[in-house]
Structures are given as structure tokens and as C-alpha cells.
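As a plain string of letters, each chain reads:
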Amino acid sequence: MHRGRDPEADITRRRVTQLTLTVSALGHALADLGEAVAHAGALHQLGSLPRSAQRTTAIASERSQLHARIDSTRQRLNQAGGRLHQEADRLTAPPTSNRSPLATITTPVNPPRTATSRTR
């Protein structure tokens, strides 16, 4: 099978590619969220320590890293959603044919008959 010859196969390839990219972005976003949870846990632990200049510096650092991970997660999810949104029309559009349209012959379809009951 050659590329471009089968419109259905082309749509399938594009869907798989798009889903792969999206799953990759979601995996990275999940990793960012995992790191954010770790930073939140560190903040919780730092909060229970006695007040000091080191504690204040450590809290500021953890907060900064927490916000960076949350922002990264948001950015990755927005990009993945935007890509899916842009590709949605292309992935669901009916395939275009390179050939001229052929006349179609329609045959009327009769509604199904109900089965007659058989009694002995």
C-alpha cells in the first residue's frame, strides 16, 4: 500500500500521529504535576520547621518551583488541547478523491419484513 493512495489509511495515520503527540504531551504534563505534588509536600514539611532565614529561603524556592511546574503543566495541556482542536476538522473531514466522481446508482431499500410466527 502506497502513502496517499488510500484516504482512509491516511486519516488513520494522521489520527494515530495526533493521538501519539497528545499522549506524549499529557505524559509530560502528568510528570510536571507529580513534581508539583512533591514541591507541595516539601512546603508542608518546611512549614513545620522553626522560623529561620534558611526556612524562609527554602519556602520561597519551593513555592517558585511549585508555580513553575503548575505553569508548565498548564502550558502543555493548553498546547495539546489547541493541537487537538486544530486537527479535529482535518481528522473528521471526508476524504477527497483524486478521481472524478462516478455516477452512483441507487437501489431502493425495502424495509425489513416482520417474521411470521411459526406454530405447530
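Conventions adopted
- Residues numbered from 1 in each chain as written.
- Predicted model: local features only at pLDDT ≥ 70, side-chain atom pairs only at ≥ 80, totals over all residues.
- Heavy atoms only, no water.
- Helix = DSSP H or I, 4+ residues; strand = E, 2+ residues; numbered from the N terminus.
- Buried < 20%, exposed > 50% of the residue type's maximum accessible area, 1.4 Å probe, protein only.
- Contact = heavy atoms within 4.5 Å.
- Areas by Shrake-Rupley, 256 points an atom, 1.4 Å probe, with all protein chains shown as cover.
- Salt bridge = Lys/Arg side-chain N within 4 Å of Asp/Glu carboxyl O.

> I'd like a rundown of the overall build of the protein, residues and numbers included.
Helix and strand content of the protein: two helices and zero strands. The buried share of the protein, taken over its 120 residues, is 18%. Considering only residue pairs separated by 6 or more positions, the protein has 71% of its internal contacts joining residues 24 or more positions apart. Of the roughly 10300 Å² of accessible surface on the protein, 56% is carried by carbon and sulfur atoms.

> An account of the environment of Ser61 is requested, with residue identities and associated values reported.
Within the secondary structure, Ser61 is located in helix 2 (residues 53-92). For Ser61 and His39, which are 22 residues apart along the polypeptide, the C-alpha to C-alpha distance reads 9.5 Å.

> Run through the pattern of salt bridges, naming residues and quoting values.
Note that side chains of opposite charge can pair when their charged atoms are close. Here the structure, examined in full by the defined rule, presents six salt bridges. The partner of Asp10 in a salt bridge is Arg13, with the nearest N and O atoms 4.0 Å apart. Taken together, the residues span about one helical turn, with Asp10 and Arg13 both in helix 1 (residues 7-47) at a distance of three residues. For Arg13, a relative accessible area of 26% gives the class partly exposed. Close ionic contact of Glu35 with Arg69 constitutes a salt bridge, the shortest N to O distance being 3.6 Å. Of the two residues, Glu35 is situated in helix 1 and Arg69 in helix 2; the sequence distance between them amounts to 34 residues. Within the structure, one salt-bridge network assembled from shared partners comprises Asp32, Glu35, Arg69 and Arg76.

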